[in-house]
Amino acid sequence: PLACRDSKLFIRDMHFDEVPVRIYLPRASSASKRRGVILFHGGCGTFGSIRSHERICRYIARESDSVVVSVGYHLSPEHHYPAQTLDCLTAAVHFLKTAENYGVDPDRIIACGDSAGGTFTASVCQELANRRDIPKIRAQVLIYPFLQTLNFNLPSYQKNAFIALLSQERAVLFLLKYLKKDCSMKEAILAGSHVPESMNLKYRKWINPDLIPERFKLGYKPPLPTSFLPQVHEETKELFETRLSPLLAEDAVVCCLPDTCIITCEHDVFRDDGLLYKKRLEDNNVKVTWYHMEEGFH
């Protein structure tokens, strides 16, 4: 069925292995196979939709003369985590395998997403990094992505603690709601009491304010040490899976990731997630393009 009219695009609603997608195909004929873009919308895994990202998908398809696939993954809480990541993975694999049916060169497909969509993009690219049976994703575009759940006191969290739309507190509340967890654990997680000392030591090489460039640390105060709460850790074990914290992936995975574009915003709690991932990718010789929006908000 046709979703809506557009003079330059064919727009079609379909399912890729039971995952709803909307495909935007340029109407003009093309001498060669086109590029493909697979887009995962943001919304903390609990809201947002194909419709919320309709305009941006049309814009990308028209301006870049590409075939765009917008993925309508099933939302939490009706569909339990990790259904969202798995839907994104399923849709991506389906498109990589069937790209030629849509006039797309399977070796020229990028994945992109904003906010939680950036998390899903990072996760999908990690899951596919070492697959040999399907074409490789050519590049990933991460737009102010959320990439780690260990430290909610990085400089960008402190600086933007009370910012409109996505404060430090709301970031953790959205996360707990997404996972269908008791929101009373918010304070403990904000303080870092969900992370055992052994884990803090293990991941300090990747998630650490010392790795953030100095110009982003004005006014930063290291948080006070907190006591570890084993029961909160037990309740929130998912937080340490790479699906939610792609920054925790091992180097053996990170070094195989595609070329990456990271977009960060100054007035955004997630800014430092992007900066830390940029550093990890560069340390693993992945080509990174980075855009920082000085005046940008999440």
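Each chain carries its own residue numbering, running from 1 in the direction its sequence is written. Per-residue local features of the predicted model are confined to residues with pLDDT of at least 70, and side-chain atom pairs are confined, for both listing and counting, to 80 or more; whole-chain, interface and lining totals are unaffected and use all residues. Note that water and hydrogens are dropped before the side-chain values are worked out from all heavy atoms of the structure.

## A short note on the sheet that holds strand β3 (residues 34-40)
And step 1. Two strands are said to pair when DSSP picks up at least two bridges between them. Helix and strand definitions follow DSSP, with helices as H or I runs of at least four residues and strands as E runs of at least two, each counted in order from the N terminus. In spatial order, the strands read β1-β2-β4-β3-β5-β6-β7-β8; together these eight strands make up an open sheet with mixed pairing. Strands with a single pairing partner mark the edges of an open sheet, and in this sheet they are β1 (9-16) and β8 (288-297). For this sheet, the mean inter-axis angle between neighbouring strands, taken without regard to orientation, is 20°.
And step 2. In the sheet, β3 pairs with strand β5 (residues 104-114) via six bridges, with the strands oriented parallel. Within β5, the residue paired with Arg34 across the bridge is Val104. Under this scheme, a helix contributes an axis fitted over its contacting stretch, all axes are lines through C-alpha atoms, and angles between N-to-C directions fall in the 0 to 180 degree range.

## Regarding the pairing of strand β2 (residues 19-26)
And step 1. When accessible area is computed with a 1.4 Å probe and restricted to protein chains, residues below 20% of their type maximum are described as buried, those above 50% as exposed, and intermediate ones as partly exposed. Among the eight residues that make up β2, seven are buried, leaving the element largely enclosed by the rest of the structure.
And step 2. Pairing geometry for β1 and β2, over eight bridges, is antiparallel. In the sheet register, Ile11 faces β2, and the bridge partner there is Tyr24.
And step 3. Where β1 folds back on β2, the antiparallel hairpin that results is connected by two residues, among which Asp17 adopts a positive phi of roughly 50°.

## Thoughts on the domain arrangement of the chain
And step 1. Where each domain begins and ends follows an automated or database-derived domain assignment. Here the chain is described as being made up of domain 1 (9-148 + 243-297) and domain 2 (155-240).
And step 2. The gap between the C-alpha centroids of domain 1 and domain 2 is 25 Å.
And step 3. Contact criterion: two residues are considered in contact whenever any of their non-hydrogen atoms come within 4.5 Å of each other. Tallying the contact residues gives 36 residues for domain 1 and 29 residues for domain 2.
And step 4. Here's the idea: put two parts together, see how much 1.4 Å probe accessible area each one loses, and the total over both is what we call buried area. Carbon and sulfur atoms supply 67% of the area buried between domain 1 and domain 2, which totals about 2,800 Å² over both sides.

## Thoughts on helix α5 (residues 168-178)
And step 1. Among all positions of α5, only Gln168, Ala171, Val172, Phe174, Leu175, Leu176 and Tyr178 are buried.
And step 2. Elements that come into contact with the buried residues of α5 comprise α2 (83-98), α3 (116-128), α4 (155-159) and α6 (186-191).

## A few points about the UniProt feature "domain: Alpha/beta hydrolase fold-3" (unreviewed entry) in the chain
And step 1. UniProt annotation of "domain: Alpha/beta hydrolase fold-3" (unreviewed entry) refers to residues 37-180 and 239-298 when read in the numbering used here.
And step 2. Secondary structure across residues 37-180 divides into 39% helix and 17% strand, with the first and last C-alpha atoms of the span separated by 31 Å.
And step 3. Secondary structure over residues 239-298 splits into 28% helix and 32% strand, and the C-alpha atoms at its two ends are 22 Å apart. UniProt positions are given in the numbering used here, feature names are shortened, and annotations may be inferred rather than shown by experiment.

## As for unusual backbone geometry
Negative phi values dominate among residues other than glycine, just as trans dominates among peptide bonds.
And step 1. Of note, the amide linkage connecting Ser76 to Pro77 takes the cis form, showing an omega dihedral of 5°.
And step 2. With respect to the element layout, Pro77 can be found in the loop between β4 (67-71) and α2.
And step 3. For the bond from Tyr81 to Pro82, the omega torsion is 5°, close enough to zero to count as cis.
And step 4. Tracing the chain through its elements places Pro82 in the loop between β4 and α2.
And step 5. A positive phi is found at Asp65, a non-glycine position, where the angle reads about 50°.

## Quick look at the packing of aromatic side chains
And step 1. Two rings from Phe, Tyr or Trp (for Trp, the six-membered ring) form a pair when their centres sit within 6.5 Å of each other. Planes less than 30 degrees apart are called stacked, planes more than 60 degrees apart edge-to-face, and all others tilted. Here the structure, examined in full by the defined rule, presents 11 aromatic pairs.
And step 2. With 5.0 Å between their ring centres and 75° between their planes, Tyr73 and Phe120 make a pair best called edge-to-face. With a gap of 47 residues between them, Tyr73 in the loop between β4 and α2 and Phe120 in helix α3 connect regions that are remote in the sequence.
And step 3. In this structure an aromatic cluster arises from ring pairing among Phe146, Phe152, Tyr157 and Phe270.

## Digging into the packing of α2 against α3
And step 1. Relative to each other, α2 and α3 sit at 60°, their axes nearing to 9 Å. Here α2 lies oblique to α3, going by the angle between them. α3 is crossed by α2, and the crossing has right-handed handedness. When α2 is examined against α3, the residues Gln84, Thr85, Cys88, Leu89, Ala92, Val93 and Leu96 are found in contact with a partner set consisting of Phe120, Ser123, Val124, Glu127 and Leu128.
And step 2. Put simply, Ala, Val, Leu, Ile, Met, Phe, Trp, Tyr, Cys and Pro go in the nonpolar bin, Asp, Glu, Lys and Arg in the charged bin, and everything else, Gly too, in the polar bin. Class assignment for the residues of the contact of α2 with α3 results in eight nonpolar, three polar and one charged. Roughly parallel refers to an angle under 35 degrees, roughly antiparallel to one over 145, roughly perpendicular to one between 65 and 115, and oblique to any angle outside these ranges. Here a crossing is called left-handed whenever its near helix is offset anticlockwise from the far helix by less than a right angle, and right-handed whenever the offset is clockwise.

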